[in-house]
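So the chains spell out like this:
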Amino acid sequence: MTALQLEKIDKYFGKTKAVDGVSLEVQENEMFFLLGTSGCGKTTTLRMIAGLEQVDGGAIRIKGRDVTRLTPQKRQIALVFQNWALFPHKTIRDNIGFGLKMQKQPKTDIDAQVENMLQVVGLPGFEDRLPGQLSGGQQQRVALARALVLNPNLLLLDEPLSNLDLNTRLRMRSELVEVHRRLGLTTIFVTHDQTEALAMADRIALMEDGKLLEVGTPHEIYESPHTEFTARFIGEKNSLQGTVSAVSDTEQQVRFNEDSYLSVPVSSKHPVQEGDRVTVFINAEKIRFFKADADTGGDNYFQGTVENIMYLGTSNKYSVKLQTGETIVHDQQTTQDAPKYEKGDRLQVHLDPAHCICIKEKQ
Ligand SMILES: Nc1ncnc2c1ncn2[C@@H]1O[C@H](COP(=O)(O)OP(=O)(O)OP(=O)(O)O)[C@@H](O)[C@H]1O
Ligand SMILES: [Mg+2]
């Protein structure tokens, strides 16, 4: 069942087209992410879903019902913003129960629901405290409880974790996934943090410049991006530009230098023809190193020299200048048995064809 459907929605602010023909479908119980750089239109899209902004074109449907012209109250949507203002002088009980009180529910019912919600977000016994007596992460959970207690059709979260320190953020990620799993509530989560999206999402929609570029599972978005923007935005990829010099049934050759070639498997997702200008992408952790004199043979092995090493804790980031002139970056886990290389070492770099993604340049 489709929980939410956006059909070619547009939004102008003056002459700026903040959202440009965005269409998407979110399924019931899905944890759906909108991901993109600052200013790409994520918050505006959320605000239109919630009814806080009117669309300038297109339609919004919730569970099949057209809500495009409905007020926010009639849409039954909960929104949690980055700066989740709690009422500072009200207790946690009154903060969470506020919406229910507005609905004129009896006090005993409200108290029972508030208690239940505090259990759900892992804060039982906090009813009588004031927001100022809670940590940032705990306040965030209260904000979530305040949204959830209204039993919304949809939960919209706009960068809800960006104010938290790294450890709290990581813990809240798992807690949100757990609460989502338990309640099974359709959730749309906005972030510009790709690691957050990859770690938490059922599916991710990539936005750029008001447009929706592609939708996929974290694995699809990371391993086989559709667009060049996604390839550059997600993960750390090496890119080599070149021209397709030959295409067979299974393989295509890309000439990226005078007489240097990359072999890339043919992909139905990215059809190319001889003569096309393309960029070949390969994730930094997918590169492999071999000794300079190792008897490798096969496609996509290149001689190179280590130019720089950056220690990142869990990995070392190597920059290697290939004989052909290009620089390749390799992210190598600092496991005990990982071979170590020094600056100036010569080695062979393998750009495994299985991990190469060849995307045609825009005309
Ligand atoms: N009320 C407004 N009036 C005028 N322009 C606006 C308004 N709100 C947003 N914009 C513009 O619309 C575009 C999209 O803004 P939006 O807030 O949706 O981006 P975002 O993807 O949420 O960015 P961020 O990650 O920085 O929060 C931007 O160019 C922004 O300047
Ligand atoms: Mg925003």
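This text goes with the structure placed above it.
Note that the structure is a prediction, hence the values are computed from the model and not measured. (Residues numbered from 1 in each chain as written. Chains lettered and ligands numbered in written order. Predicted model: local features only at pLDDT ≥ 70, side-chain atom pairs only at ≥ 80, totals over all residues. Heavy atoms only, no water.)

A. Examining the packing of aromatic side chains more closely. Tallied over the full model, the rule gives eight aromatic pairs. A centroid spacing of 5.5 Å and a plane angle of 15° characterise the contact between Phe229 and Phe233, whose relative ring orientation is stacked. Taken together, the residues span about one helical turn, with Phe229 and Phe233 both in helix H9 (residues 228-233) at a distance of four residues. When its relative accessible area of 21% is taken as the criterion, Phe229 is described as partly exposed. Accessibility expressed as a relative area gives 17% for Phe233, which makes it buried. Between Phe256 and Phe302, the aromatic rings sit 5.6 Å apart at their centres with planes inclined by 75°, giving edge-to-face as the arrangement. Placement of the pair is Phe256 in strand E12 (residues 251-257) and Phe302 in strand E16 (residues 301-311), with a sequence separation of 46 residues. Since its relative accessible area comes to 10%, Phe302 is described here as buried. The lysine or arginine in question, Arg129, covers the ring of Phe126, its NZ or CZ lying 4.4 Å from the ring centre. One Lys or Arg, Arg146, reaches over the ring of Phe87 and ends 5.6 Å from the middle of that ring. (Phe/Tyr/Trp six-rings, centres within 6.5 Å; stacked < 30°, edge-to-face > 60°. Helix = DSSP H or I, 4+ residues; strand = E, 2+ residues; numbered from the N terminus. Buried < 20%, exposed > 50% of the residue type's maximum accessible area, 1.4 Å probe, protein only. Lys NZ or Arg CZ within 6 Å of the ring centre and 35° of its normal.)

B. Region of the structure containing the packing of helix H3 (residues 92-102) against helix H5 (residues 136-148). Closest axis-to-axis distance for the H3/H5 pair is 7 Å, and the angle between their directions is 30°. The angle between H3 and H5 falls in the class roughly parallel. In the packing of H3 onto H5, the handedness of the crossing is right-handed. Note on element contacts: H5 touches H3 through Val142, Ala145 and Arg146, opposite Ile92, Asn95 and Ile96. Residues that form the contact of H3 with H5 fall into these classes: four nonpolar, one polar and one charged. (Axes fitted to C-alpha atoms, helices over the stretch in contact; angles between N-to-C directions. Parallel < 35°, antiparallel > 145°, perpendicular 65-115°, else oblique. Left-handed = near helix turned anticlockwise from the far one by under 90°. Contact = heavy atoms within 4.5 Å. Nonpolar A, V, L, I, M, F, W, Y, C, P; charged D, E, K, R; others polar.)

C. Representation of the nonpolar core. Core analysis: the biggest nonpolar cluster contains 44 residues, and Phe33, Ile96, Leu155, Phe189 and Ile204 have the highest contact counts within it. The element contributing the most residues to this core is H5, with six residues. Those residues within four positions of Leu155 in sequence are excluded, and the remaining contacts are Ala78, Val80, Leu144, Ala147, Leu148, Leu185, Thr186, Thr187 and Ile188. (Core = buried A, V, L, I, M, F, W, Y, C linked by side-chain atoms within 4.5 Å.)

D. How the structure looks around unusual backbone geometry. Even without being glycine, Gln76 reaches a positive phi, approximately 55°. Assignment of secondary structure puts Gln76 in the loop between helix H2 (72-75) and strand E6 (77-80). The phi angle at Glu159 is positive, at roughly 45°, despite the residue not being glycine. Judged by relative accessible area, Glu159 falls into the buried class, the value being 11%.

E. Seen up close, the pairing of E16. Where E16 meets strand E19 (residues 346-350), five bridges bridge the pair, whose relative direction is antiparallel. Following the sheet pairing, Phe302 is matched in E19 by Val349. The antiparallel hairpin formed by E16 and strand E17 (residues 315-322) contains three residues in its connecting segment, where Gly313 sits at a positive phi of about 90°. (Pairing = 2+ DSSP bridges.)

F. Local environment of the pattern of salt bridges. Per the counting criterion, the structure on display carries 22 salt bridges. Residues Glu7 and Arg61 are paired through a salt bridge, measuring 2.2 Å at the closest nitrogen-oxygen approach. One end of the pair, Glu7, is in strand E1 (residues 2-13); the other, Arg61, is in strand E4 (residues 57-62), with 54 residues separating them in the sequence. Between Glu178 and Arg182 there is a salt bridge, with the nearest N and O atoms lying 3.4 Å from each other. Pair noted here: Glu178 and Arg182 are both in helix H6 (residues 166-183), with a separation of four residues, about one helical turn. Taken together, the shared-partner salt bridges in this structure form one network comprising Asp10, Lys17, Asp20 and Lys211. (Salt bridge = Lys/Arg side-chain N within 4 Å of Asp/Glu carboxyl O.)

G. Up close: the site of ligand 1. Taken together, Phe13, Ala18, Thr37, Ser38, Gly39, Cys40, Gly41, Lys42, Thr43, Thr44 and Glu159 make up the full set of residues near ligand 1. Separating an oxygen atom of ligand 1 from a side-chain N or O atom of Ser38 is a distance of 2.5 Å. For ligand 1, an oxygen atom lies 2.8 Å from a polar atom in the side chain of Lys42. Here ligand 1 loses 57% of its free accessible area of 640 Å² to cover by the protein chains. It is helix H1 (residues 42-50) that provides the largest number of residues to the shell around ligand 1, a total of three residues. (Near = heavy atom within 4 Å. Polar contact = N/O pair within 3.5 Å; in protein donor to acceptor, adjacent residues only side chain to side chain. Areas by Shrake-Rupley, 256 points an atom, 1.4 Å probe, with all protein chains shown as cover.)

H. Representation of the state of the cysteines within the structure. Per the counting criterion, the structure on display carries zero disulfides. Cys356 forms no disulfide, and the closest cysteine sulfur to it belongs to Cys358, at a distance of 8.9 Å. Residue classification places Cys356 among the buried residues on the basis of a relative accessible area of 8%. (Disulfide = S-S within 2.5 Å.)

I. View of the sheet that holds E4. Taken together, the four strands give an open sheet; going across it, the order is E2-E1-E4-E5, and neighbouring strands pair in antiparallel fashion. Of all the strands in the sheet, the pair left with one neighbour each is strand E2 (16-27) and strand E5 (65-66). Where E1 lies against E2, eight bridges are found, and the strand directions are antiparallel. The partner of Leu4 across the bridge, within E2, is Val26.

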